[in-house]
Amino acid sequence: MRYHSFDIVVIGGGHAGCEAALACARMGAKTALFTINIDTIAQMSCNPSIGGIAKGEMVREIDALGGAMGRVIDATGIQFRMLNTKKGPAVWGPRAQADKKDYQFMMKNIIESQEDLTFIQDEVTDVLVRNHKVCGIETVRGQKYTCKAAIVTTGTFLGGMIYIGPFTMESGRFGEPASKKLVKSLASNGIRFMRLKTGTPARINGKSIDYSSVQEQAGDDIIFPFSFSTEKIEREQIPCYITRTTKKTRDIVRRNLSLSPLYSGKITGVGVRYCPSLEDKFVKFPQKETHQIFLEPEGRKTNEVYVNGASSSLPEKVQEKMIRSIRGIEKAEIMRIGYAIEYEFAPPVQLRLSLESKCVRNLFLAGQINGTSGYEEAAGQGIMAGINAFLNLSKKDPFILKRSESYIGTLIDDLVTKGTEEPYRMFTSRSEYRLLLRQDNADIRLMPYAHRLGLVGDDDYRKMQKRKERLESIKGLLKKTAVGKESSYEYIVRSREEAMASIKRIARLFEGLDLRDAVTVYADVLYSGYVRKMEEEIRRLKNYETLAIPEYFQYSKVKGLKKESVEKLVRVRPSTIGQAMRISGITPADATLLMMAVKRKFKI
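Attention in this report is confined to the structure presented alongside it. This structure is a prediction, so every number in the text was calculated from the model and none was measured. (Residues numbered from 1 in each chain as written. Predicted model: local features only at pLDDT ≥ 70, side-chain atom pairs only at ≥ 80, totals over all residues. Heavy atoms only, no water.)

### Structural notes on the overall build of the chain
- Secondary structure assignment for the chain yields 20 helices and 23 strands.
- Taken against the 2.2 N^0.38 rule, which gives 25 Å for 604 residues, the C-alpha radius of gyration of the chain at 25 Å falls within 12% of a compact globule.
- Residues counted as buried form 58% of the 604 residues belonging to the chain.
- Sequence-distant contacts in the chain: of pairs separated by 6 or more residues, those separated by 24 or more amount to 73%. (Helix = DSSP H or I, 4+ residues; strand = E, 2+ residues; numbered from the N terminus. Rg over C-alpha atoms; globule rule 2.2 N^0.38 Å. Buried < 20%, exposed > 50% of the residue type's maximum accessible area, 1.4 Å probe, protein only. Contact = heavy atoms within 4.5 Å.)

### Details of unusual backbone geometry
- In this structure, Leu355 is a non-glycine residue whose phi angle is positive, near 75°.
- Here Leu355 is to be found in the loop between strand 20 (339-345) and strand 21 (363-365).
- Note on Leu355: relative accessible area 1%, which makes it buried.
- With a phi angle near 60°, Lys395 is a residue other than glycine that sits in the positive phi range.

### Thoughts on the packing of helix 2 (residues 55-64) against helix 12 (residues 442-453)
- One way to put it is that helix 2 packs onto helix 12 with a least axis distance of 8 Å and a crossing angle of 35°. By crossing handedness, the relation of helix 2 to helix 12 is classed as right-handed. On the side of helix 2, the interface is formed by Arg60, Glu61 and Ala64, while helix 12 contributes Ala442, Asp443, Arg445, Leu446, Met447 and Ala450.
- Of the residues that constitute the contact of helix 2 with helix 12, the class distribution is 5 nonpolar, no polar and 4 charged. (Axes fitted to C-alpha atoms, helices over the stretch in contact; angles between N-to-C directions. Left-handed = near helix turned anticlockwise from the far one by under 90°. Nonpolar A, V, L, I, M, F, W, Y, C, P; charged D, E, K, R; others polar.)

### Here's the deal with the sheet that holds strand 2 (residues 31-35)
- Spatially, the 5 strands line up as an open sheet ordered 6-2-1-10-21, and their pairing is parallel. The sheet terminates laterally at strand 6 (117-121) and strand 21, the two strands that pair on one side only. Shown here is a sheet whose adjacent strand axes are inclined to one another by a mean of 20°, direction ignored.
- Of the pairings in the sheet, the one linking strand 1 (residues 8-11) to strand 2 comprises 4 bridges and is parallel in character. Note on strand 2: the bridge partner recorded for Ile11 is Phe34. (Pairing = 2+ DSSP bridges.)

### Things to note about the packing of aromatic side chains
- All told, the structure shown has 6 aromatic pairs when counted by the stated rule.
- Centroid distance Phe6 to Tyr145: 6.2 Å. Interplanar angle 35°. Geometry classified as tilted. Here Tyr145 lies in strand 9 (residues 144-146) and Phe6 lies in the segment before strand 1, a separation of 139 residues in the sequence.
- Given the relative accessible area of 3%, Phe6 is considered buried.
- Arranged with centres 5.6 Å apart and planes meeting at 40°, the rings of Phe174 and Tyr339 form a pair that is tilted. You can see Phe174 sitting in the loop between strand 12 (167-170) and helix 5 (181-188) and its partner Tyr339 sitting in strand 20, a full 165 residues away along the chain.
- Among the aromatic residues, those joined into a cluster by ring pairs are Phe6, Phe34 and Tyr145.
- Directly above the ring of Tyr424 sits Arg430, whose terminal nitrogen or CZ lies 4.1 Å from the centroid. (Phe/Tyr/Trp six-rings, centres within 6.5 Å; stacked < 30°, edge-to-face > 60°. Lys NZ or Arg CZ within 6 Å of the ring centre and 35° of its normal.)

### Focus on helix 5
- Within helix 5, the full set of buried residues consists of Leu182, Val183, Ser185 and Leu186. The arc that holds the buried residues of helix 5, viewed along the axis, is 160°, so those residues lie on one side. For helix 5, the exposed residues set more than 90 degrees away from the buried face come down to Lys181, Lys184 and Ser188.
- Gly190 sits one or two positions beyond helix 5 and adopts a positive phi of about 100°. (Arc of directions from axis to C-beta.)

### Thoughts on empty space enclosed by the protein
- Scanning all chains against the criterion turns up 2 cavities of 30 Å³ or more.
- Taken as a whole, the largest cavity holds about 50 Å³ of empty space.
- Around the largest cavity, the lining residues are Phe80, Arg81, Met82, Pro94, Arg95, Asp220, Ile222, Ile223, Phe224 and Phe226.
- The element best represented in the lining of the largest cavity is strand 4 (residues 77-83), accounting for 3 residues. (1 Å grid on protein atoms, 1.4 Å probe; cavity = no way out; pocket = protein on both sides within 12 Å on 5 of 7 lines; lining within 4 Å. Points joined across faces, edges and corners; volume = space filled by probe spheres on them.)

### Quick notes on the pairing of strand 7 (residues 124-130)
- In terms of strand pairing, strand 7 meets strand 8 (residues 133-139) through 6 bridges, oriented antiparallel. Counted as the bridge partner of Asp126 is Glu138 from strand 8.
- The turn joining strand 7 and strand 8, which pair antiparallel and follow one another in sequence, is formed by 2 residues; a positive phi near 55° is taken by Asn131.

### A few points about the pattern of salt bridges
- Inspection of the entire model under this criterion finds 43 salt bridges.
- Between Lys418 and Asp414 there is a salt bridge; the shortest N-O distance is 3.4 Å. In this pair, Lys418 and Asp414 are both assigned in helix 11 (residues 407-418), 4 residues apart and thus about one turn of the helix distant.
- With relative accessibility at 43%, the residue Lys418 sits in the partly exposed group.
- Note on Asp414: relative accessible area 5%, which makes it buried.
- Members of the salt-bridge network, linked through shared partners, are Arg403, Asp413, Asp414, Lys418, Glu432, Glu545 and Arg582. (Salt bridge = Lys/Arg side-chain N within 4 Å of Asp/Glu carboxyl O.)

### Here we look at the sheet that holds strand 17 (residues 292-297)
- In space, the 6 strands of this open sheet follow the order 15-16-17-18-14-19, with antiparallel pairing throughout. The open sheet has two edge strands with one neighbour each: strand 15 (215-217) and strand 19 (334-336). Along the sheet, successive strands turn relative to each other by an average axial angle of 35°, direction set aside.
- In the sheet, strand 17 pairs with strand 18 (residues 304-308) via 4 bridges, with the strands oriented antiparallel. In the sheet register, Glu296 faces strand 18, and the bridge partner there is Tyr306.

Rendered as structure tokens:
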């Protein structure tokens, strides 16, 4: 039986939509997930991998909040690596190559099996609004569904346009239709849109690679799972390979730049700064003759290989020449051609920190529609939008993660407070609290919240509490365990040996200690002095973060505030003095004037 009335409707079945729908349903809302094609649920449209530097930390945070991404990649990954281990543990990032189809089908099964979640293949064309509040949705087939809240997670589908040289096609992803009516519906309700651009490289047949000419990149011997519920991962890993472009590649690209829609003026949207196309690489870095390319398998049951680093929107014949000029793939059989895609996004300063629209009540936006790039950024927003949609309907305060608590909180604060005019990607450098926000301690930081919200069960929560107690006990014992004339605790702080060597030393000192626990102990000890200072800074700023500003506060009446500052404050409408202080161009003097005005008006 198909129901036509739901508490919450989620529009879009990408990584944001999956986490949003699962969170809503698990908290008890009668939820519907709408997607144009059920078979492409959780599709990895670009790189078939999860995690990376800062991104891996976010996957651990999603897992600690009860999300599915970590468990699914643990079960379907074909290669696992911990990145940045030559540096301190604060910037380590777990990354896994995924079996693309296995990942999709496992996520599909989780969604199909979730109680209170209905999965519907249909295109949503209208969000129905009454008195500036969501009341339902309508589909391309004329079906209407009532709902109390809607979460839009449409990825690149809103006004999507694909470019391959002179060839253009309206599409949200190659072979799937763009959503044109929905963007008009949202815009008619006051939501402003701009254009962004991203792209994807060609895929080639692995049997056509000359493996003797490329460098093998194996997975790690020691695998650190993404999910805190995964005990261990023991299965054969598949290698990736590294190669480089050649002078011939550069010449081919430069000769044909006028045929690229990026440089002919066809594409007006701003592209991804940190994942440029080969055209961009050879134009913006003219001093570099060659660029690194990764050859990454897309799964165990396919020969398809992703040519990471060779994104392009050049004409098909030019791309073929370009790909075949790269070392080791001179005889490449191209299975899918690369392309650029331009799409609509809603500048995120139009959102509250809960990810609810300021224009339409009970309407939440998450993922690429907010200007982000990457599956992990999307999934992090998705789970937060799902939680807040449910809390909103339950007349409860929104769940807002602080910058000092998580990378997800940093991501959302950056988007909503500063906005973005280019695809936003998370880096460890974006967080001033990165020594606190490590991939190894996400469960301790965030699982208490998830347990209170009903997203993490009692067994997993008790397991986390026992882990926390065990870590504290070990750190206490380290202070008493001698290495020469020093305690082991002091030795770790002073030692110049490689991090992994110290971690293994701790694991040996305490028989049966899990390496994941040893990483946390090591990092806590190593950064203890810095962390104390950081925690003091967080306490000092707490008053700013908790001093609320009413949504419709009249900034123009604050004496001494510059006109430019008033305009910025009105545009963002910060919820606290702390958020106001992070708006670009707001000075400490502005913040002081604002704080005094708020306290005076409300007699705080």
